[in-house]
Structure formats: C-alpha cells, structure tokens
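# Coordinate inspection notes
Each chain, letter by letter, is given below.
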Amino acid sequence: MCQLTSEEIERYKRHIALREVGVEGQRRLKAAKVLVVGTGGLGSSLILYLAAAGIGTIGIVDDDIVSLNNLQRQVIHNTANIGMAKVFSAKATVARINPHVTVNAYPIRIDSTNALDLIQKYDIVADGSDNFATRYLISDACFLSKKPLVFAAIGSFDGYLTTFKPYLTQNDGTPYPTYRCLFPELPSGSAILNSEGAGIFGAIPGVLGTLQASEIMKEIIGAGNSLVGYLLIYEALSSCFHSIKMKWNPDNPLSGTIPKIMDLSIHNI
C-alpha cells in the first residue's frame, strides 16, 4: 500500500480526520487507479474532486477539443485553453490542483478496439460520456473486465447516477443489474438528444459529476452504502433527489440467462 508523505498528510488532514477514511483510507485513495471517460460537464467536476481527494492515478479519455460554448459548464477548462485537446487541458488543471496525482491522458475516442485494453489497466471506471452508443460499450467492457462502473448522465435540468457491478450476485443469487437492464436496447429517433444542440443548465453536470466522485471514493475506501442496484435521480427544478431500485433483466444479452454478448464485436457494427 502507498505511503503518505508529511506534505500529503497535511494536505489530506480533513479526510484523515474522518473515521470512515483515516490514514488507511487515504492510502487506498492514493493507490487507486480511476479511468474517466469524457472531460465534458460530468468529467470536469468529477476529475477536479478526484484529484483534490488524492486519487493516485487518473486516466482521462476524450478525443474532443475545448470550445467556447463548453465553458458554461465544463469547469476544468478555461478560456486560454480553447482549441486545446480536452485531455491535456484537464491534465494541466489537475497538475495545478495536486502535484501528487498522475494523469494518463488519452486523446482518443474509446471504441471496441481499445476499450478492454484501457479499462483493464484501472481499478474502477467512471462514465461521463454523452451518447448511448458509448455508454453501452463502456458497460459491456466493464462487465467483461469485471470492473466496477460508476455511471452518470444528465438532461437539461436533471441527472441520473448509479454504480454497476453486474458480475456480482445479489442475496437471492441473481446478478446485479447492468446498463442493459436499465435500457434494454438503443433508443432511436427523438429519444436521443443531440448533445450539441440540447440546452443544459450549467450546474447540473457539476452536481452529478461531484456525486460520481463521491461514489467512486466510497467504493475505493469501502465506506457507506453503494448505489449498486439503485438509480439515483436528481431533479433541479423541484430541488429533490429520489432513488429507484433496478431489477436484473434475465433477457438482457449481456448478463441474462442466455448471454449473447461474449466480446465487443457487437460494437463494430
């Protein structure tokens, strides 16, 4: 397990003072490797808080560049970095926040050819992507790699959060649900929002990305109750949170009774 320097003990003393964290928990955070897919609104606040908390290694995957209309919500980037690859903009910000964090920047699009290789290098994955195809890909790859996935998605004034561990079983012997239990098949037509044109209330991805960071840190140190099996829903206009229990779908093609997805070739179509 990683040792903490005297400077790190001072930096993280408000964490260490917590019974649920302590020195041992902070050492676990330092030893952890987290892969973040997407450095948009969700990824921005998520990465900021992971870095500040002392996550030892953060991998960041994104093939986009910083644009002016990102800055209303993507707080890890700034005006001076417009035109820069988002992963390098984020890496520079992390370096200013916490020099003890190693950032692996991948200025690429995650796809069926590289997903397993990337994910297998990390302990836990955070999905901050903005489209259904990528979400299915990441979920399938995490299942095949037996890696926990902390997932979040946002709407204009709402957001959704859960943790997937479908490779584990519940008390009744059935698997925990996967993303394909929540969305059995890819939505079509008007059900898919155009992320370029859809309006987004700027603080919404900040709320959900921060919650993602909290759930990731809980998973790493083993504190509190996991969101595995539950979907947390945030509605900004009514200022409320509520959660619903998700069920495993025995007909889903990934972890159902008759699995059909054995690799990522389905994503080559």
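All of the points below concern the structure found in this document. (Residues numbered from 1 in each chain as written. Predicted model: local features only at pLDDT ≥ 70, side-chain atom pairs only at ≥ 80, totals over all residues. Heavy atoms only, no water.)

Per the secondary structure count, the protein includes nine helices and eight strands. Taken over C-alpha atoms, the radius of gyration comes to 18 Å for the protein, in line with the 18 Å a tight globule of 269 residues would show. Projected onto the principal axes, the alpha-carbon positions of the protein cover approximately 55 × 45 × 40 Å. For the protein, with 269 residues in total, the buried portion stands at 49%. Sequence-distant contacts, at least 24 apart, represent 66% of the contacts inside the protein between residues at least 6 apart. (Helix = DSSP H or I, 4+ residues; strand = E, 2+ residues; numbered from the N terminus. Rg over C-alpha atoms; globule rule 2.2 N^0.38 Å. Buried < 20%, exposed > 50% of the residue type's maximum accessible area, 1.4 Å probe, protein only. Contact = heavy atoms within 4.5 Å.)

A word on the packing of helix α3 (residues 22–31) against helix α9 (residues 204–221). Direction vectors running N to C along α3 and α9 enclose 110°, while the axes themselves pass 9 Å from each other. The orientation of α3 relative to α9 falls into the category roughly perpendicular. Crossing hand, α3 versus α9: right-handed. Counting all contacts with α3, which are made through Gly 25, Arg 28 and Leu 29, the residues of α9 involved are Met 217, Ile 220 and Ile 221. Partitioned by chemical class, the residues of the contact of α3 with α9 number four nonpolar, one polar and one charged. (Axes fitted to C-alpha atoms, helices over the stretch in contact; angles between N-to-C directions. Parallel < 35°, antiparallel > 145°, perpendicular 65-115°, else oblique. Left-handed = near helix turned anticlockwise from the far one by under 90°. Nonpolar A, V, L, I, M, F, W, Y, C, P; charged D, E, K, R; others polar.)

A word on the nonpolar core. Val 34, Val 36, Leu 50, Ile 58, Ile 216 and Ile 220 are the most contacted members of the largest nonpolar core, which totals 38 residues. Elements with a minimum of two residues in this core: β1 (33–37), α4 (41–53), β2 (57–61), α5 (86–97), β4 (124–127), β5 (149–154), α9 and β7 (230–235). Ignoring anything within four residues of it in the chain, the contact list for Val 36 reads Gly 43, Leu 46, Ile 47, Leu 50, Ile 58, Gly 59, Ile 60, Val 61 and Ala 126. (Core = buried A, V, L, I, M, F, W, Y, C linked by side-chain atoms within 4.5 Å.)

Purely geometric stuff here, so don't read any function into it on its own.
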